[in-house]
Amino acid sequence: MNTGFQFIPPHASAMSWQVDWLLLALLGLTIFFTVLIFFFIVLFAWKYRARPGHKAEQVEAPMALEIALWGIPFILCLGLFWWGTRLFLSASRPPAGAMDIYVIGKQWMWKIQHPEGRKEIDELHVPLGRPVRLIMASQDVIHDFGLPAFRIKRDVVPGSYSVQWFTPTAVGEYHLFCDQYCGAQHAEMIGKVVVMEEADYQRWVAGSVTDGPMRQGGEQLFVNMNCMSCHGQWAPTLAGLYMSRVRLADGRTVQADDAYLRRSILDPGADIVAGYQANQSVLMPSFRGTLTEEQIDQLIEYIKSLAPAAYLEEPTTRPVSNGGADLELRKPGEGGPPPLTPDPNKPVE
Amino acid sequence: MTTISYIPSTSRRQTYLNVGHTVKSWLLTKDHKRIAVLYILSITFFFFIGGSAATLMRLNLLTPAGNLVLESTYNKLFTAHGVIMVFFFLIPSIPATLGNFIIPLMLGARDLAFPRVNLLSWYLYIAGGSLAVWALLAGGVDTGWTFYEPYSSTYSNGWVALTICGIFIAGFSSILTGLNFIVTTHTMRARGLTWFRLPLFIWSLYATSLIMVLGTPVVAITLALVALERIFGIGIFDPSIGGDPVLFQHMFWFYSHPAVYIMILPAMGVMSEVIACFTRKRIFGYKFVAFASVAIAVLGFLVWGHHMFVAGQSAFEGMVFSLLSFLVAIPSGVKVFNWTGTMYKGSIELKTPMLYALGFIGLFTIGGLTGLFLATMGADMHLHDTYFVIAHFHYIMVGGAIMGYMGGLHFWWPKITGRMYPEAWGRASAVIIFLGFNLTFFPQYLLGYLGMPRRYHGYPAEFQVLNVLSTAGASILGVGYLLPLGYLLWSLKRGALAGDNPWNAAGLEWTTTSPPPSDNFDQSPVVTEEAYNYARIDAELVASPIPGAI
Amino acid sequence: MPEHAQPNLDSEPLVPHQFDDLEQKSLADSLGMWTFLASEVLFFGAIFTVLMVYRSLFPDAFRQASQHLDRRIGMLNTFVLLFSSYTVVLAVHAALKARQKALVLWLLATIALGLSFLGVKLVEYAEDFRDNLVPRRIDFGLSAEQSRDWMAHSPEERDTRPELWQQSLRASGWDVPADRMHASDARLLIKRAQLFFVFYYTMTLIHALHMIIGLVIFSVLAWRAWHGRYTQQRHAQIEITGLYWHFVDIVWIFLFPLLYLIR
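About the thresholds
- Residues numbered from 1 in each chain as written.
- Chains lettered and ligands numbered in written order.
- Predicted model: local features only at pLDDT ≥ 70, side-chain atom pairs only at ≥ 80, totals over all residues.
- Heavy atoms only, no water.
- Core = buried A, V, L, I, M, F, W, Y, C linked by side-chain atoms within 4.5 Å.
- Buried < 20%, exposed > 50% of the residue type's maximum accessible area, 1.4 Å probe, protein only.
- Helix = DSSP H or I, 4+ residues; strand = E, 2+ residues; numbered from the N terminus.
- Pairing = 2+ DSSP bridges.
- Axes fitted to C-alpha atoms, helices over the stretch in contact; angles between N-to-C directions.
- Contact = heavy atoms within 4.5 Å.
- Buried area = accessible area lost by both parts, 1.4 Å probe.
- Salt bridge = Lys/Arg side-chain N within 4 Å of Asp/Glu carboxyl O.
- Polar contact = N/O pair within 3.5 Å; in protein donor to acceptor, adjacent residues only side chain to side chain.
- Left-handed = near helix turned anticlockwise from the far one by under 90°.
- Nonpolar A, V, L, I, M, F, W, Y, C, P; charged D, E, K, R; others polar.
- pLDDT = per-residue confidence, 0-100.
- Phe/Tyr/Trp six-rings, centres within 6.5 Å; stacked < 30°, edge-to-face > 60°.
- Lys NZ or Arg CZ within 6 Å of the ring centre and 35° of its normal.

(A) Local environment of the nonpolar core. With 322 residues, the main nonpolar core has Phe145 and Phe150 of chain A, Phe201 and Trp412 of chain B together with Tyr54, Trp174 and Phe199 of chain C as its most contacted residues. A total of 22 residues in this core trace back to one element, the largest contributor, which is helix H9 (residues 245–279) of chain B. Among the nonpolar cores identified, the runner-up in size contains 30 residues, and Phe222, Cys227, Leu238 and Met243 of chain A belong to it.

(B) Structural view of the sheet that holds strand S3 (residues 119–121) of chain A. All names here are of chain A. Read from one edge to the other, the open sheet built from 5 strands follows the order S3-S2-S1-S5-S8, with strand pairing classed as mixed. Both outer strands of the open sheet, S3 and strand S8 (162–166), are each paired with one neighbouring strand and no more. The average angle at which neighbouring strand axes cross in this sheet is 25 degrees, direction not considered. Where strand S1 (residues 99–106) and strand S5 (residues 132–138) come together, 7 bridges link them in parallel fashion. Across the sheet, Gly105 pairs through a bridge with Ser138, a residue of S5.

(C) Quick look at the interface of chain B and chain C. Tallying the contact residues gives 38 residues for chain B and 35 residues for chain C. Here chain B meets chain C over a buried area of about 3,000 Å², counting both sides, of which 76% is carbon and sulfur. Counting across the chain B and chain C interface gives 1 salt bridge. Here Arg110 of chain B and Asp20 of chain C are joined by a salt bridge, their closest N and O atoms 2.9 Å apart. Our count for the chain B to chain C interface comes out at 10 residue pairs in polar contact (both at pLDDT 80 or more). When residues of the side of chain B that touches chain C are traced back to their parent elements, those giving at least two are helix H7 (160–187), helix H8 (200–232) and H9 of chain B. When residues in the side of chain B that touches chain C are grouped by element, the largest group, 9 residues, is from H8 of chain B.

(D) Structural detail: the packing of H7 of chain B against helix H1 (residues 22–57) of chain C. It is the contact of H7 of chain B with H1 of chain C, at a shortest axis distance of 9 Å, that shows an interaxial angle of 140 degrees. The crossing of H7 of chain B and H1 of chain C is right-handed. In contact with Phe168, Phe172, Ile175, Leu179, Ile182, Val183, His186 and Thr187 of chain B of H7 of chain B, H1 of chain C contributes Gln24, Leu27, Ala28, Leu31, Gly32, Thr35, Phe36, Ser39 and Phe43 of chain C.

(E) Fine view of the interface of chain B and chain A. Listed by partner, the interface residues are 84 residues for chain B and 85 residues for chain A. Here chain B meets chain A over a buried area of about 7,500 Å², counting both sides, of which 71% is carbon and sulfur. Contact with chain A buries area across many residues of chain B, yet Phe337, Met381 and Glu462 of chain B alone supply 10% of it, more than any other trio. In this structure, the connection of chain B to chain A is made through 2 salt bridges. As a salt-bridge pair, Lys345 of chain B and Glu57 of chain A come within 3.7 Å of each other at their nearest N and O atoms. Linking chain B with chain A are 20 residue pairs in polar contact (both at pLDDT 80 or more), by the criterion used here. By residue class, the composition of the side of chain B that touches chain A is 49 nonpolar, 23 polar and 12 charged.

(F) Molecular detail of the confidence of the model for chain B. Predicted confidence across chain B gives a mean pLDDT of 94, with 97% of residues reaching 70 or more. Between residues 1–7 of chain B, whose pLDDT stays under 50, and residues either more than four places distant or in other chains, the model counts 18 contacts.

(G) Looking closely at the packing of aromatic side chains. Evaluated as defined, the whole model comprises 86 aromatic pairs over all chains. Relative to Phe40 of chain A, the ring of Phe39 of chain A lies with its centre 5.4 Å away and its plane at 65 degrees, an arrangement referred to as edge-to-face. Since its relative accessible area comes to 31%, Phe40 of chain A is described here as partly exposed. In this structure, Lys287 of chain B packs its charged tip against the face of Phe196 of chain B, placed 4.5 Å from the ring centre.

(H) Structural context of helix H17 (residues 534–543) of chain B. Taken residue by residue, H17 of chain B has Tyr534, Arg536, Ile537 and Asp538 of chain B as its buried positions. Packing partners of the buried residues in H17 of chain B comprise H9 of chain B.

Structure follows, in structure tokens:
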């Protein structure tokens, strides 16, 4: 990282250039109006200074001028609003095929977990040129994963996932700051993003001894926490679930994204799948307080690995093991497996 | 024709200042003017406490390691700075001091509608402030003035509940002041003083009062819930039971954004008075400026989510707040254009209040425009929670609100005290403050763009140059604030005696003596003309010049 | 009515010095109270908003918690308060007509009704405490009997056998799962129900505080009325306190369904 004085932070992504253009336009506007006002103030203060024989002239404000003074800024504002919103939206929507990396913020460090298994603290290694999607959670208070060289940041809120993405376009090391006050060592919760050539990254990620890829840990948990005793039988199958569309008992249809998976684990009663409104003895128990953030991430990685592709652009149908009430968007001509009706009165073993 | 008395005041006359000398006559006063003086003394006290915290912070930030003080101490310092400056200095400042003193005079009234409620306001303010100072002395609080959850309820180890009690009580002071102003403006205007003949200072303070009355209760409840969480150990915004920390932010900013308009609208009101007087012209586009004040107050309630673009609210919510934030900037811009337009073909004297006013226009313009950066979502995702935000709001609150306060204080100083301040010192201080301010806060825009986060006691080495410049500016700014403290106090005993209307200004407050008698007017004024009829005033001056007028 | 104590009305001017005339004073008093009530709307509105958000986030827990409140007591109190608003109207009317005896009577009636409300509320709180509807108690939500039985187990047993607790909860009227696998769900539900009760106590206590302030003011007004302070011209205090009281009543009209009648 450049430790010398700089006027402009490094540009580590294409987005960083786009943000800088927007900032430049805003700067231009600011300078224009500032200079305009300063100019007139100085001019008038001099030209109309009080002196013997000089009298003030009461001038009426012409309506046209007043309208222009409201109208022109209004139009400029609309333009900036449109530009800024578009940029923000594109920065909020990760492209298809982005690689997921999990981030957990806690007082006062960043724990980063690559799906292949490698973990790091306060450092994020990424390959050049590939979009990276950060799936972030907090273990305690609100933090913020701030990346000035990429011109993005997002709050990391306990209790939910937040997501941001970037595509690195320049090899190097860049600042990582916690950008939401989080307690005593907030200023020490800093680190770096290391962008490497693809080949170097592959070597790096295969590097040190790890606990194996995340999905392995997730699979282990799936067994140990007894998830398999229900899922695959009378609970919804998880194969192909990720990013499919799911109809819920209350009539809504949602996409089974990371946030949905997380909610289903921590608050299963919130989004019950249609056809599964059972009595409470077969309802999925909540795992809130039982699983750590790392474990939740591992489980989600495991569930994602059960889908044909990590991130699908088109909604898919997926095989179901229950009454067809929640079947969604069957492609034309496709039938389905014969439905198995769950018996809500069957006791849990 | 208004009743104008141009008799220079003598010190043997009975004024509100000498009508009683006992402590009791001050502490149990019902006179809005004495209450205003009590407020001036108290807010000055809190200003210097908040300023001391800032001094220590800037000194700590001279080095990248930032270990002049312990990191936990630094966190308490920036919290103290924010809490005291926002709740105990800026929010009451112009309304409780200049507003209290001048509004009844400007309206031609003998006092506010509810004098005892006014006194209660001051006592509530003192009570709240005392609790806040007690919390500070007991060890302080380190949550930031924003008290974000769940840090403030579950993780912080400071005097959170005590500080919140102080803020809660002071909030009622604010509500009662606003209530008094609203009722007085509606019901106690002098005969002939219609709404569109009112000075723009009244319009601004009226709009401010609307916000004080309607916004403050929300933050009172929100912070009270945090205090309840701490005291009783029940999570209200607690994610571990599925509660929502972002809900706290929505509730908090619902008040705290309009709060910044409480801070700036009164200063804008001062601007109108000062600029009209020192250009000898009516304000350009009077009605537009009046409506702009109300528009700012109303729109100000609709933009709170622009503090939360990256906090976890949906992009759609963000879009709504972004658009509305742009809209609220427009009436402010209109005011700047109108004040500049007022200078056109005026007859301009660069007295101290006018220097502050011109400084205000310049700095508020910069601060307001940098607000647009933050309203733009695509820019805010880079600048959020960096020093850019700090620079932006200090340009508005210090470069804007405080300069407005200083300008107003100097403008009405002769009316309040019967004395003139020394003009050369006044001008010098205004210039020193302007220069010191810019050196302090302009580098912070750059720091923010470079990525330096807020609330950091230390930083990477490459940010040091800008931090040193900022601290250097702060030392100059500090001198700039100490000078008025000195010469204004000096002027109380040694300043030149002011006449009733040393500025030949328009406005009913200038038609009575300096300082005014307890009942403000010997005869209730009747108004027959527009607010800033400088054409008539100057014509009369030419016809019969006043001996001894400045 | 004491005859010797003629009120020295001259020491308290009919029109305070800041006002030009009585009409201006009345207008100001009235607008002042309305403005204050506007701020109160925002005050209560803020906490109502938070309550509503959590009601939609935790529908089941809040519904069940609400059902543990005593609706009949709530209804009784609602009628008491409504009736007291009526007596306030009668008091104001009497003040306008300068009928001193009637004024004192109706003020005292209002105070009596208000005190009844508070008394009933105290009884209700006592019931709530008896039913352990107090947040943070480990036997929260358990009826007195169930609590006794459950607390009779050793702490170790209570920790390792959550199903005992769940069954006690069910016996106390809570619809929680009874099996061990769903212990964490029961815990979550109960925690959320405790949050409901935080809102319940906070909101009813703030309301009660407003009532107490109103009753104190009414007492002062009644005493003054007894001493003949109020005339056909001087009755603003009665009117604006009456307005305040109506507001307190309206707050309760919203509070009652929001807390007691969640379905």
